[in-house]
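Residue-level listing of the chains:
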Amino acid sequence: MTGSSKTAVPVIGTVTISYTELKDKSVDLSKEIERGFGPNGLGILSISDVPGYSALRQSLLDLSPRLASLPESVKKQLEDPESRYNFGWSHGKEKLESGKPDIFKGSFYANPILDIPTTDVNLIQRYPSYCGSNIWPHSVLPELEVAFKALGKLIFDIGLMVAYHCDQYVSKGMKMSKDKGLEHIILRSRCHKGRLLYYFPAQESSHALDNSMSSWCGWHTDHGSLTGLTCGMFKRDGEEIPCPDSAAGLYIRTRTGQIVKAVFGPEEIAYQIGETTEILSSGYLCATPHCVRAPVGEGAAGVDRSTFALFMQPDWDEKLDFPEDVHIHKELIESNGSLTFGEYSEKLLDKYYHRKT
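This write-up is about the structure you can find in this document.

Calculation criteria
Residues numbered from 1 in each chain as written. Predicted model: local features only at pLDDT ≥ 70, side-chain atom pairs only at ≥ 80, totals over all residues. Heavy atoms only, no water. Helix = DSSP H or I, 4+ residues; strand = E, 2+ residues; numbered from the N terminus. Contact = heavy atoms within 4.5 Å. Areas by Shrake-Rupley, 256 points an atom, 1.4 Å probe, with all protein chains shown as cover. Axes fitted to C-alpha atoms, helices over the stretch in contact; angles between N-to-C directions. Parallel < 35°, antiparallel > 145°, perpendicular 65-115°, else oblique. Left-handed = near helix turned anticlockwise from the far one by under 90°. Buried < 20%, exposed > 50% of the residue type's maximum accessible area, 1.4 Å probe, protein only. Arc of directions from axis to C-beta. Pairing = 2+ DSSP bridges. Phe/Tyr/Trp six-rings, centres within 6.5 Å; stacked < 30°, edge-to-face > 60°. Lys NZ or Arg CZ within 6 Å of the ring centre and 35° of its normal. Nonpolar A, V, L, I, M, F, W, Y, C, P; charged D, E, K, R; others polar. Core = buried A, V, L, I, M, F, W, Y, C linked by side-chain atoms within 4.5 Å.

## Considering the overall build of the protein
Then, in step 1: Looking only at helices and strands, the protein features eleven helices and 17 strands.
Then, in step 2: Taking as baseline every contact in the protein between residues at least 6 positions apart, the subset at least 24 positions apart corresponds to 75%.
Then, in step 3: Here the protein has roughly 15900 Å² of accessible surface; of this, 51% comes from carbon and sulfur atoms.

Now the structure itself:
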């Protein structure tokens, strides 16, 4: 984007709900849920004043550059090709929108709730990215497991509270059994996935500086149920600094096609709706495409970024009962039909990513 187009993109703060309000099930938060997640919302809202959150965020994100700077031979031992690099360390395995390998960032994936979701060999072979086991760097960075699980579990617990209020909002517009609501789908799942991300400093990347809006993370819509994410932490030479470029950050495409920059504070946990929830809620809760723009300019040289996301998704065996009117992935879903989340994921991979063999 040019400098003039930067200023044309509106900057919008997320709808924010305090932890005190969120934890009180007697409080009606339907208006806030609708403003954040409804058909006219950005598909994102944030939770403020969560006890203990800031310290847990700091502890985990501080470990991100330490993990990324481990010797390549050590990180190689943390890779898991069998899960398509969806457990352990991953760098350069994913592709950018251009089709080139993404060496801008490294990721570490783990399930913060269950180390071993299942021991069923057939399930592990069929759904390797969900059913695999965690890989922790016990000998070289033992504190990573503790920090990863602590933050992941907190974001999960707050996510359950968010899901409860989402169900209260959706139930006002459509019939739904409590057992099929977002809260219970998330609660009984065994395949949640945390992702610790490290964006390498510009001069350490062999890529030329990319000034596009999606330079750090391409346009995509989350596939699962609900995603919890931290505000990114920027550092130069190991010292935390403010983001050096006001145009950098999270961009969202609204239902009307408008692109906006969404902002939330480092003390807040943000939550985004995934496509599976949009489908099951008949569009009362909406997922939106989003991307991440890297900082550019002289101030961005030598700056790295760390962040964490928790992808809460249905269990692979969760039976998804689809509504009559499905407006996403119609070619994969029959009206009033049903698939397990694992089957649905296979169809998506086969159709859009050509990764199924």
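## Quick look at the packing of helix 4 (residues 53–68) against helix 8 (residues 143–171)
Between two packed helices, both the angle of their axes relative to each other and the distance between the axes serve to describe the pair.
Then, in step 1: Put simply, helix 4 and helix 8 touch, their axes get as near as 9 Å, and they point 140 degrees apart. Judged by the inter-axis angle, helix 4 sits oblique to helix 8. Taken as a pair, helix 4 and helix 8 cross one another with a handedness that is left-handed. Across the interface between the two elements, Tyr53, Leu56, Arg57, Ser59, Leu60, Leu63, Arg66 and Leu67 of helix 4 pack against Glu143, Leu144, Ala147, Phe148, Ala150, Leu151 and Leu154 of helix 8.

## Description of helix 3 (residues 30–37)
Then, in step 1: Those residues of helix 3 lying buried are Ser30, Ile33, Gly36 and Phe37. The buried residues of helix 3 all sit within an arc of 135 degrees when viewed along its axis, so they share a single face. Opposite its buried face, helix 3 presents the exposed residues Lys31 and Arg35, each directed more than 90 degrees away.
Then, in step 2: Turning to helix 3, the residues buried within the fold contact strand 2 (15–18), strand 3 (44–48), helix 8, strand 8 (226–229) and strand 13 (269–273).

## Re the pairing of strand 11 (residues 249–253)
Remark: a regular strand shows side chains that alternate across the two faces of the sheet.
Then, in step 1: Buried residues dominate strand 11, accounting for four of its five residues.
Then, in step 2: For strand 11 and strand 12 (residues 259–263), the ladder comprises four bridges, and the chain directions are antiparallel. Paired with Leu250 across the bridge in strand 12 is Ala262.
Then, in step 3: Between strand 11 and strand 12, which pair antiparallel and follow one another directly, the connecting turn spans five residues, one of which, Gly257, has a positive phi of 90 degrees.

## Topic: the packing of aromatic side chains
Then, in step 1: Following the criterion strictly, the structure yields seven aromatic pairs and no others.
Then, in step 2: One residue, Lys25, lies across the ring of Tyr164, its end atom 4.7 Å from the ring centre.

## Regarding unusual backbone geometry
Then, in step 1: Located in the positive-phi region is Asp49, a residue other than glycine, with phi close to 60 degrees.
Then, in step 2: With respect to the secondary-structure elements, Asp49 resides in the loop between strand 3 and helix 4.
Then, in step 3: By relative accessible area, which is 59% here, Asp49 ends up exposed.
Then, in step 4: Within the chain, Asp237 stands out as a residue other than glycine whose phi angle is a positive 55 degrees.
Then, in step 5: Examined against the element boundaries, Asp237 turns out to sit in the loop between strand 9 (233–236) and strand 10 (239–241).

## Quick look at the packing of helix 3 against helix 8
Then, in step 1: At a minimum axis separation of 9 Å, helix 3 and helix 8 run at an interaxial angle of 95 degrees. Considering their axes alone, helix 3 and helix 8 lie roughly perpendicular with respect to each other. Residues Ser30, Ile33, Glu34 and Phe37 of helix 3 lie in contact with helix 8, whose contacting residues are Val162, His165, Cys166 and Tyr169.
Then, in step 2: Within the contact of helix 3 with helix 8, the residues separate by chemical class into five nonpolar, two polar and one charged.

## Re the nonpolar core
Then, in step 1: Core analysis: the largest hydrophobic core is formed by 54 residues, its most contacted members being Phe37, Ile47 and Tyr271.
Then, in step 2: When residues in this core are grouped by element, the largest group, 14 residues, is from helix 8.
Then, in step 3: Setting aside its immediate chain neighbours within four residues, Ile47 contacts Ile17, Ser18, Tyr19, Leu22, Ile158, Val162, Glu267, Glu268, Ile269 and Tyr271.
Then, in step 4: Residues Cys131, Ile185, Leu320 and Phe341 belong to the second largest nonpolar core, which totals 18 residues.

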